[in-house]
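Examining the three-dimensional arrangement
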Amino acid sequence: MLLRTGGSAVLAFALALTVYAGLALWTTAAVAPYGDQVHFLIAADALAHGRVEATVDARIFRDLIGVDPSPDDLATHVVLTTAGPRLVQGYLVPLALVPGWIAAGRLGATLVVALAGAWAAAQTFLLLRETVADVRARSWSWLAAAFLAPVVALAPTVYPNVLGAAALVTAYRWLFTAPVRRPLLAGALCGATLFITPRDGLVALVLLAFAWSAGRATFGRAAAAFAAVGAVACATNALLYGVPVPYAGYLFGTAAAQTLTAEPSLTFRVWVGLPAILYDRTFGVAGSAPWLFIGALGAAAALRARRDLMPAAVAIAVSLLALSVYRYWEGGYAPPARYMVEVVPLATPFVAYGLARRDLWSRAFAALALGLGALAALLIAALPARALNSAFEGKLQELYDAVLGLNPLGWLPSFQPVTPDWYVAAYLRLVPALLLTAALAWWGWRRRLA
């Protein structure tokens, strides 16, 4: 029905929630909450008991992970401030997890994130309906966004990325595409990203800047709401961290991480970070979500047809550039392309315009990209532990070999500096990837929708 009629946002929400809830049940049974997840859960437990002091509860950590916390866990997730020990990543995400944690422990907290993921899926559905006329193309684009990596891998976890995606796609619609604009609510949602991560806040600032094109009144209301929530963020951090600025925990955490590793967290090596985020075969977009490159086919047609998609294009570009200067672009011990989740909903209209193309080459690439993306999503959903990799691992790539007998994405580069001459193979393998992306963009610009 979805492919024939386009369905409804309620159906999209229900379908996404059903899938994400099922995956949450399986994921909590199949893999431990590694990385930042366990610290969000411990913080949620502390808040549930009326405490804001961030201490790594060894009992909860052991119950969830199976081992005792290491000194590095404390150094990278808890910071000592004048107000006491505090969580690096802030307190909005743990606060959102509290009802689920109280009700059903880790599973309940994961279901809270799944609920946010379903909301993001419904809002993505509406964004596509408002910007893409081709029902079949927008339906396939929505199915890919909701049920392929990277979103399907993060929706049943306790990471903040899905929460950020839900806030940003909703704010985007209410600023630019919805039949009834809600600039006050959109500005408040953009302001809420000041409690989540700096990545989300940067995208929110891009959206607010473009809100000027929607009219002075719209911009003024959105900016006023953003400023009001921003003032709350500053006041909250003044109480919690002793520093009246947004992302105060990240400021402390960045300094602590640099002290621990003796390396800067911001490297400004764009020539490494940017291609790595896009093309690294283990941690990048191409290795697990090649369907997103269909957007390169549709970008020109989408921007010609819809001026209200320009903020999405700029937000995606700014997000990629910002991530490319961050040394930990991989996203930690987490599913691949984690840092791209927030802008996936904004990329779906471009993917839909790419899927709307009728020429043979465009259809062939779209079918191949969707097929590989579906295989990756199936493997990640069935074996969630195989989506987690260290710098020396490539578990998903090994599964491609096992299932297909030949890894179709094995030619992609790896930007992990595990050998002194790692860059030689990485940049040689990068050349065909760049050429393919350029060819897709050129083909999409040159040939109008047939």
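Structure: above.
Everything numeric here is computed off the predicted structure, so don't read it as measured data.

Rules behind the numbers
- Residues numbered from 1 in each chain as written.
- Predicted model: local features only at pLDDT ≥ 70, side-chain atom pairs only at ≥ 80, totals over all residues.
- Heavy atoms only, no water.
- Helix = DSSP H or I, 4+ residues; strand = E, 2+ residues; numbered from the N terminus.
- Buried < 20%, exposed > 50% of the residue type's maximum accessible area, 1.4 Å probe, protein only.
- Contact = heavy atoms within 4.5 Å.
- Pairing = 2+ DSSP bridges.
- Expected span 1.5 Å × (residues − 1).
- Arc of directions from axis to C-beta.
- Phe/Tyr/Trp six-rings, centres within 6.5 Å; stacked < 30°, edge-to-face > 60°.
- Axes fitted to C-alpha atoms, helices over the stretch in contact; angles between N-to-C directions.
- Left-handed = near helix turned anticlockwise from the far one by under 90°.
- Nonpolar A, V, L, I, M, F, W, Y, C, P; charged D, E, K, R; others polar.
- Core = buried A, V, L, I, M, F, W, Y, C linked by side-chain atoms within 4.5 Å.
- Salt bridge = Lys/Arg side-chain N within 4 Å of Asp/Glu carboxyl O.
- Patch = residues over 30% accessible without salt bridge, like charges linked within 9 Å, V, L, I, M, F, W, Y side chains within 5 Å.
- Areas by Shrake-Rupley, 256 points an atom, 1.4 Å probe, with all protein chains shown as cover.

Per the secondary structure count, the protein includes 21 helices and two strands. Each principal axis of the C-alpha distribution contributes one length, and for the protein these read about 60 × 55 × 40 Å. Across the 450 residues that make up the protein, the buried fraction comes to 54%. Here the analysis covers contacts within the protein between residues at least 6 apart in sequence; of these, 75% occur between residues at least 24 apart.

Further remarks concern the pairing of strand β2 (residues 84-87). Two elements, strand β1 (residues 78-81) and β2, share four bridges in a ladder whose sense is antiparallel. Directly across from leucine 80, in β2, lies its bridge partner proline 85. Linkage of β1 to β2, two consecutive antiparallel strands, is achieved through a turn of two residues.

Take helix α2 (residues 9-30) next. Helical periodicity: at 3.6 residues per turn, an α-helix aligns residues three or four positions apart in one direction. Over its 22 residues, α2 extends 31 Å from the first C-alpha to the last, a length consistent with the 32 Å expected when each residue adds 1.5 Å. If you check which residues of α2 are buried, you get Ala9, Ala12, Ala16, Tyr20, Leu23, Ala24 and Thr27. For α2, the angular spread of the buried residues around the axis is 120°, confining them to a single face. With respect to the buried face of α2, the exposed residues turned more than 90 degrees away are Val10, Thr18, Leu25 and Ala29. Buried-residue contacts for α2 involve α6 (92-131), α7 (135-147), α8 (151-154) and α19 (360-382).

Look at helix α11 (residues 198-210): 19 Å from first C-alpha to last across 13 residues, which is about the 18 Å you get at 1.5 Å a residue. Turning to α11, its buried residues number three or more, namely Arg199, Asp200, Gly201, Val203, Ala204, Val206, Leu207 and Leu208.

It is worth spelling out unusual backbone geometry at this point. A cis amide bond links alanine 149 to the next residue, proline 150, at an omega of 5°. Of note, phenylalanine 268 is a non-glycine position whose phi angle comes to about 60°, a positive value. Mapped onto the elements of the fold, phenylalanine 268 is located in the loop between α13 (248-261) and α14 (270-279).

Let's shift gears to the packing of aromatic side chains. Scanning the model with the defined rule gives 18 aromatic pairs in all. Look at phenylalanine 415 and tyrosine 427: their rings are 5.7 Å apart centre to centre, the planes differ by 90°, and that puts the pair in the edge-to-face class. One end of the pair, phenylalanine 415, is in the loop between α20 (395-404) and α21 (422-446); the other, tyrosine 427, is in helix α21, with 12 residues separating them in the sequence. Given the relative accessible area of 2%, phenylalanine 415 is considered buried. Given the relative accessible area of 27%, tyrosine 427 is considered partly exposed. These aromatic residues form a ring-pair network of at least three members: Tyr20, Phe125, Trp142 and Phe147.

For the pair α11 and helix α17 (residues 310-324), interaxial distance at closest approach is 9 Å and the crossing angle is 150°. The chirality of how α11 crosses α17 is right-handed. Note on element contacts: α17 touches α11 through Met310, Pro311, Val314, Ala315, Val318, Ser319, Ala322 and Leu323, opposite Arg199, Leu202, Val203, Val206, Leu207 and Phe210. Here the contact of α11 with α17 is composed, by residue class, of 12 nonpolar, one polar and one charged.

In summary, soluble globular proteins display a tendency toward joint burial of nonpolar side chains. Grouped together as the largest cluster of nonpolar side chains are 142 residues, with contacts concentrated most on Tyr20, Leu97, Trp291 and Ile294. Ranked by residue count, the leading element in this core is α6, at 14 residues. Beyond its immediate chain neighbours, meaning those up to four positions away, leucine 97 contacts Phe40, Leu41, Ala44, Ala109, Val112, Val113 and Val158.

It is worth spelling out the pattern of salt bridges at this point. It is possible for side chains of opposite charge to pair when their charged atoms get near one another. Applying the stated rule across the entire model yields 10 salt bridges. A salt bridge links glutamate 130 to arginine 173; the nearest nitrogen and oxygen atoms lie 2.5 Å apart. One end of the pair, glutamate 130, is in helix α6; the other, arginine 173, is in helix α9 (residues 161-177), with 43 residues separating them in the sequence. The pair formed by glutamate 130 and arginine 173 is uniform in burial state, with each residue classed as buried.

Before going further, it helps to spend a moment on a nonpolar patch on the surface. Judged by side-chain polarity, Val270, Trp271 and Leu321 come together as a nonpolar surface patch covering roughly 300 Å² of accessible area. Judged by its relative accessible area of 55%, tryptophan 271 is exposed.

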